[in-house]
Amino acid sequence: MAESNSTSTSRANTPGASLPLKRTLDEDHAPAISSPLNPNPDATSRARPRPPPREQREKRETIKKREASSNTRGSTPNPSSRTKKDKPLADSPMRYSIPEPKLSDYQPPKEGLFAWDPPLTAPDGTQLWRPIDHAWNKKGYRYTHAVADPQFRHKQYYRQTDSKPHQARMSHEDSDRHFSFDKDTATIVTQEKGWRMGRGNVVAREGRMYFEVRALKGIPAEGPMDPTDPKTGEIKSGSHIRVGWSRREAPLDAPVGFDGYSYGLTDSRFEVMHRSRPSKVFKPLPKNAKSRSLKERPGHSRPMPVEYVNDEHFGEGDIIGLEIQLPSLSLHRKVVDGIYNPAVDIGDGFDVKDANDPTEKPIDIIRDRIPVSYKGTYLFEQLDYHVTKPVDQYQDRAPVQKIVPTPNHEEVCLRTLPHSHIKVYKNGKEMGIAYEGLLAFLPPASQPSPEALKAGARPGFDDGMVGYFPTVAIFGKAVAQVNFGPDFWCPPEAMQQQRETDVKMEGSDTIENSIPEGRNLRAIGDRYKEQIAEDIVWDIIDEVDFFVQDGGWNYTGETPQDVAGKATPKARGFVNPDDNVGEEVFRRY
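This one's a predicted model, so the numbers in the text were calculated from it and none came from an experiment.

Visitor: Go over the overall build of the protein with me, naming the residues and quoting the values.
Guide: From N to C terminus, the protein includes eight helices and 26 strands. The contacts of the protein with a sequence gap of at least 6 include a subset with a gap of at least 24, amounting to 69%.

Put into structure tokens, the structure is as follows:
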């Protein structure tokens, strides 16, 4: 008994076979019994100040990454490392280092030289002269007249100007080099080669524009269209004219309507040509009208009834009027930016605009051009727009059309403009619609060529002269006369009614619901003075921009010593500037 009691007493402090319950520790996790490792379990005496938190280490690139990036960038600074203050608020035109003009360069531009070679005349005996010292536009380069101005010291000393005659007319620079013009007005044109075409010096960018063409020499009013050789009896090619609208990418040594950048009307069959594919002029009919002909039209879910124009042509003495209708530039930008929604953007964009519209962008014109010396005068040379690969595929002449442009096409250059069409008039009578759904032209729908990009061209900028130009194509010594308005030979009825309304409202105090300016039918010649005003405004804006870049009144730009010994750049579009004809740098189109 005693032995059992001693055994129980000695084993009282020995843990049993079963695990003890988990003891709840104090908040500071201090043990209740001291030990050699923890002689003082008191939490207050063990409290120590905690060390400050460790700073986060800056993440750096490895040596290999830095070496690889330095090989690709060279010494170019990283634009992402710049602060927001360093980033420009808007894009600026490119600047070039050129010497200060001589005193003679401030004189007005010299008049161009013309030669009556070949000796071509109009039916009334007017002599038609060919320019011999003009730098004509060609694939890759575009030229406009420039003059030195002492008020534009920061803008490379030069501003925009124009050559005589100072009016809306056919352009000497934007016509084929075989074209001949009358000296007084430059509205009568001809040439003796195969199909060649020329464009006017005014451009349609939005709204409704109209111009006329009179056939002075072409298909005879009486007799066969083409002459017959009296000896062999073979039919020879006569004189022919095509009229239409074209963009700057369209080639000059081809008829209008040859590619996807132009729309033309033939004289012999009165057919519309686009991508060298003929189609008929048509008159739209009511939705439920009975007709033998149905046509797929933009904005309609199914083919609509139409009436085609047949058995028509135009020849000597006839006057053809062409009207183009384009949506507003704000709606046009939505199309090229990929945010056009036909369910929301219902109208043509000329209604009252919302000032708080987040999609509305300010107009910005960027003209990357350099003043060059050419045959005693100065020109602005710029890298021009070029045919894009998608449009080149679109104008493929396969039997079945593979590509169908739409306003929301995946390719920007194949997007069409809603509420756009070309209408045809003959001797003042409306004949019908020639084409609907014209291709968009605002950049990036218009792009420089790969060669131009390598030479320094910047894509995506609008230079203010992108659009559709009135165009005339000549074949075999035909003679045509253009009329860009405002005094037309056969004005459309809508234009006459509009003028009568304007006369009645002149001097009246009554306010009526007027039609938006963009929906009024206007003469394309009205764009001439508007373009002059636009050139002046953007020249001043560029001058102020460069003035700020040079440090403002604290000038920090180039000094005369920096450009000493430099020569004025020469026209790159001509291999030999002293040659009267010149040679094209890029391949023939």
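Moving on from the coordinates now.
Visitor: Describe the packing of aromatic side chains, naming the residues involved and giving the relevant values.
Guide: Counted according to the given criterion, the structure contains twelve aromatic pairs. On the basis of an interplanar angle of 70 degrees and a centroid distance of 5.8 Å, the ring pair of Phe211 and Phe484 is categorised as edge-to-face. Taken together, the residues span a long stretch of sequence, with Phe211 in strand β9 (residues 207-217) and Phe484 in the loop between β25 (479-483) and α7 (493-505) at a distance of 273 residues. Judged on exposure class, the residue Phe211 and its partner Phe484 are both buried. Note on Phe547 and Trp553: the rings are 5.0 Å apart at their centroids and 75 degrees apart in plane angle, and the pair reads as edge-to-face. Three or more aromatic residues joined by ring pairs form one cluster here, namely Tyr263, Tyr435, Phe441 and Tyr468. Sitting over the face of the ring of Trp129, Lys183 holds its NZ or CZ atom 4.1 Å from the ring centroid. Across from the ring centre of Phe380, 4.1 Å away, lies the NZ or CZ of Arg369, which sits over that ring.

Visitor: Provide a residue-level description of the sheet that holds strand β24 (residues 469-475), including the pertinent values.
Guide: Read across the sheet, seven strands follow the order β5-β8-β24-β10-β11-β12-β13 without closing on themselves; strand pairing throughout is antiparallel. Strands with a single pairing partner mark the edges of an open sheet, and in this sheet they are β5 (170-175) and β13 (277-280). Strand-to-strand, the axes of this sheet are offset by a mean angle of 35 degrees, without reference to chain direction. Two elements, strand β8 (residues 196-200) and β24, share four bridges in a ladder whose sense is antiparallel. Along β24, the bridge assignment pairs Arg199 with Thr471.

Visitor: I'd like a description of the nonpolar core, backed by residues and values.
Guide: Ranked by size, the top nonpolar core spans 62 residues in total, and within it Ile241, Trp245, Leu265, Phe270, Ile324, Tyr468 and Val472 carry the most contacts. Core analysis: the next-biggest nonpolar cluster, separate from the first, contains ten residues, Ile370, Leu379, Leu383 and Ala452 among them.

Visitor: Hey, could you go over the pattern of salt bridges for me, with residue numbers and the actual values?
Guide: A side chain of one charge can pair with a side chain of the opposite charge when the charged atoms of the two come close. If you walk through the whole model with that rule in mind, you get 30 salt bridges. The partner of Arg269 in a salt bridge is Glu271, and the shortest N-O contact between them spans 2.9 Å. Shared partners join several salt bridges into a network, and the residues in it are Arg367, Arg369, Asp535, Asp539 and Asp542.

Scoring rules and cut-offs
Residues numbered from 1 in each chain as written. Predicted model: local features only at pLDDT ≥ 70, side-chain atom pairs only at ≥ 80, totals over all residues. Heavy atoms only, no water. Helix = DSSP H or I, 4+ residues; strand = E, 2+ residues; numbered from the N terminus. Contact = heavy atoms within 4.5 Å. Phe/Tyr/Trp six-rings, centres within 6.5 Å; stacked < 30°, edge-to-face > 60°. Buried < 20%, exposed > 50% of the residue type's maximum accessible area, 1.4 Å probe, protein only. Lys NZ or Arg CZ within 6 Å of the ring centre and 35° of its normal. Pairing = 2+ DSSP bridges. Axes fitted to C-alpha atoms, helices over the stretch in contact; angles between N-to-C directions. Core = buried A, V, L, I, M, F, W, Y, C linked by side-chain atoms within 4.5 Å. Salt bridge = Lys/Arg side-chain N within 4 Å of Asp/Glu carboxyl O.

So yeah, pure geometry; function would need other evidence.
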